[in-house]
Protein chains: 2
Amino acid sequence: MRISELSERSGVSPASIKYYIREGLLPGGERTGYNSTEYDESHVGRLRLIRALIDTGGLTVAAARKVIGAIDDPGISLDHVLGIAQQAMPESAEPPSDIALDRVRAVMRERGWSTVAENPGITLAATALDDFAATGRTDLTALLSRYAAAIDLIAEADLDFVAARGGDRDQAAETVVVGIALGDVLLAGLRRIAQESLTHRRYRGGVVPSDRKEPS
Amino acid sequence: MRISELSERSGVSPASIKYYIREGLLPGGERTGYNSTEYDESHVGRLRLIRALIDTGGLTVAAARKVIGAIDDPGISLDHVLGIAQQAMPESAEPPSDIALDRVRAVMRERGWSTVAENPGITLAATALDDFAATGRTDLTALLSRYAAAIDLIAEADLDFVAARGGDRDQAAETVVVGIALGDVLLAGLRRIAQESLTHRRYRGGVVPSDRKEPS
């Protein structure tokens with residue numbers, strides 16, 4: 001297909017397609033004449049992956065290139081792809097406190113979780129605990145335990161999802177990468193729904209308000 | 001305290017403090033002389049809340065002002081503060097497909113969740129499903145059900161956290177707001193830890209690799 005059709009199918013503008021090719025995120029098309037280049041289904045799939053990583057996952061172009069490089073390198077095992085993709089996700093610049101790191105390690109022991117020391121989730125979770133503490137909320141032990149128990153179920157579901165899809169290593173690697181970025185967003189969405197529903201059930205006897213007062 | 005001490009205590013620069021006052025996110029200090037203004041503990045707490053919302057939660061200054069306005073307005077009930085804070089969180093600009101919305105509504109029925117039609121979590125979750133589908137992953141029914149079951153536990157923990165802290169309405173309202181933004185980050189961190197740990201357990205017989213190969 002021509003670049004115009006590729007653009008239409010993928011929802012990515014021709015200028016962005018050319019930019020992703022220059023930046024090494026997307027393989028170039030096949031030159032079929034003086035002024036024409038052909039693209040195929042693999043380009044459509046790759047562009048959708050790039051968009052998911054950058055638009056929804058919030059990755060920079062450089063981070064997306066690193067993740068895609070890992071997917072494309074058959075010498076990198078699946079769990080290394082997972083590690084590379086986790087490292088690439090956007091995170092806070094500020095290092096967390098030792099108190100927060102100790103709390104995260106305590107909940108890891110409680111759940112029997114073991115990871116390499118640099119797992120970026122440790123920093124991410126500890127940073128969130130520091131932010132809670134900075135706003136005066138330090139009594140987080142119960143919340144953290146219950147979050148971790150629920151997250152065990154979620155991570156099991158994530159792994160089963162990758163395993164159930166089958167396919168070759170490349171497809172599995174792509175599913176791992178897509179799942180990290182999009183899973184966070186899906187979970188955040190479901191959490192907002194459940195929070196509202198449970199709040200109504202608990203404080204309003206199950207009645208859903210028909211409107212909301214806006215702040216003046 | 002002077003603005004220099006307020007800046008040190010809160011980790012926010014004097015220029016940013018003045019900006020937040022101009023923008024209506026932070027009440028001004030008390031003028032105690034021709035060239036001196038006094039701030040108190042309430043300013044420290046408020047600045048930490050502002051930082052948590054903007055830095056970790058990713059809110060714009062305008063969105064943070066709206067949320068803080070809701071906290072400060074005693075006429076707005078707790079579940080309305082929740083709704084306003086949810087609406088303020090950053091989200092995708094693109095409207096989701098009807099197929100994805102139907103899937104989210106199906107899982108809501110499955111869990112007995114009811115919300116107002118505009119709950120932003122519905123859009124957020126449906127957008128993530130569209131992104132999964134765009135990368136060729138449409139067999140999401142099992143994953144979605146398991147995510148939703150785990151999220152029920154998380155939302156229960158969220159509500160218990162607000163209830164257990166007690167305090168007056170203003171404190172509870174602030175906890176609700178802080179919890180939405182920071183809880184997402186905390187959960188994303190824990191999920192990365194659990195994913196790595198469970199991957200090792202499943203694919204490597206529990207051995208944690210001592211290093212990771214980087215893509216060349």
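Predicted model, so just to flag it, every value in this text is computed and none were measured. (Residues numbered from 1 in each chain as written. Chains lettered and ligands numbered in written order. Predicted model: local features only at pLDDT ≥ 70, side-chain atom pairs only at ≥ 80, totals over all residues. Heavy atoms only, no water.)

S.K.: Teacher, can you tell me more about the relation of the copies chain A and chain B here?
M.R.: Both copies of the chain are tied together by a single rotation about an axis and a shift running along it. Placing chain A over chain B gives an RMSD of 0.1 Å and needs a rotation angle of 180 degrees, together with 0.0 Å of translation along the axis. Interpreted geometrically, this transformation is the action of a two-fold axis. Proximity to the rotation axis, assessed at the C-alpha, singles out Ala150(A) in chain A; its C-alpha lies 2.5 Å from the axis. Interface overlap between copies is the fraction of interface residues in one copy that are interface residues in the other; for chain A against chain B it reaches 100%, indicating a shared surface. (Least-squares fit on C-alpha atoms with pLDDT ≥ 70 in both. Contact = heavy atoms within 4.5 Å.)

S.K.: Even after reading the chapter, I still don't get the nonpolar core, so can you show me in this structure?
M.R.: Across soluble globular proteins, you tend to see nonpolar side chains buried next to one another. One finds Trp113(A), Leu186(A), Leu190(A), Leu53(B), Trp113(B), Leu186(B) and Leu190(B) to be the most contacted residues of the largest nonpolar core, which totals 144 residues. Setting aside anything within four residues of it in sequence, one finds Leu190(B) in contact with Val107(A), Trp113(A), Ala125(A), Leu144(A), Tyr147(A), Ala148(A) and Ile151(A). (Core = buried A, V, L, I, M, F, W, Y, C linked by side-chain atoms within 4.5 Å. Buried < 20%, exposed > 50% of the residue type's maximum accessible area, 1.4 Å probe, protein only.)

S.K.: Explanation requested: the interface of chain A and chain B in the structure shown.
M.R.: When the parts come together, some accessible area is lost, and that loss is often what is quoted as the size of the interface. Every contact between the two is made by 101 residues of chain A and, on the other side, 101 residues of chain B. Counting every contact that joins chain A to chain B gives eight salt bridges. For Asp160(B), the salt bridge goes to Arg146(A), with nearest N and O atoms at 2.8 Å. Taken together, the links from chain A to chain B amount to 24 residue pairs in polar contact (both at pLDDT 80 or more). When the residues that make up the side of chain A that touches chain B are grouped by side-chain class, the tally is 48 nonpolar, 25 polar and 28 charged. (Salt bridge = Lys/Arg side-chain N within 4 Å of Asp/Glu carboxyl O. Polar contact = N/O pair within 3.5 Å; in protein donor to acceptor, adjacent residues only side chain to side chain. Nonpolar A, V, L, I, M, F, W, Y, C, P; charged D, E, K, R; others polar.)

S.K.: Help me understand the packing of helix α6 (residues 98-111) of chain B against helix α8 (residues 141-165) of chain B, please; the structure alone is not making it clear to me.
M.R.: Helix-helix packing is described using two parameters, namely the angle between the two axes and the distance between the axes. All names here are of chain B. Where α6 meets α8, the axes come as close as 10 Å, and the angle between the chain directions of the two elements is 50 degrees. Between α6 and α8, the angle is such that the two are oblique. Along this stretch, α6 crosses α8, giving a crossing that reads as right-handed. Where α6 abuts α8, its residues Arg103, Val107, Glu110 and Arg111 lie against Leu144, Ser145, Ala148, Ala149 and Asp152. Of the residues belonging to the contact of α6 with α8, the class tally is four nonpolar, one polar and four charged. (Axes fitted to C-alpha atoms, helices over the stretch in contact; angles between N-to-C directions. Helix = DSSP H or I, 4+ residues; strand = E, 2+ residues; numbered from the N terminus. Parallel < 35°, antiparallel > 145°, perpendicular 65-115°, else oblique. Left-handed = near helix turned anticlockwise from the far one by under 90°.)

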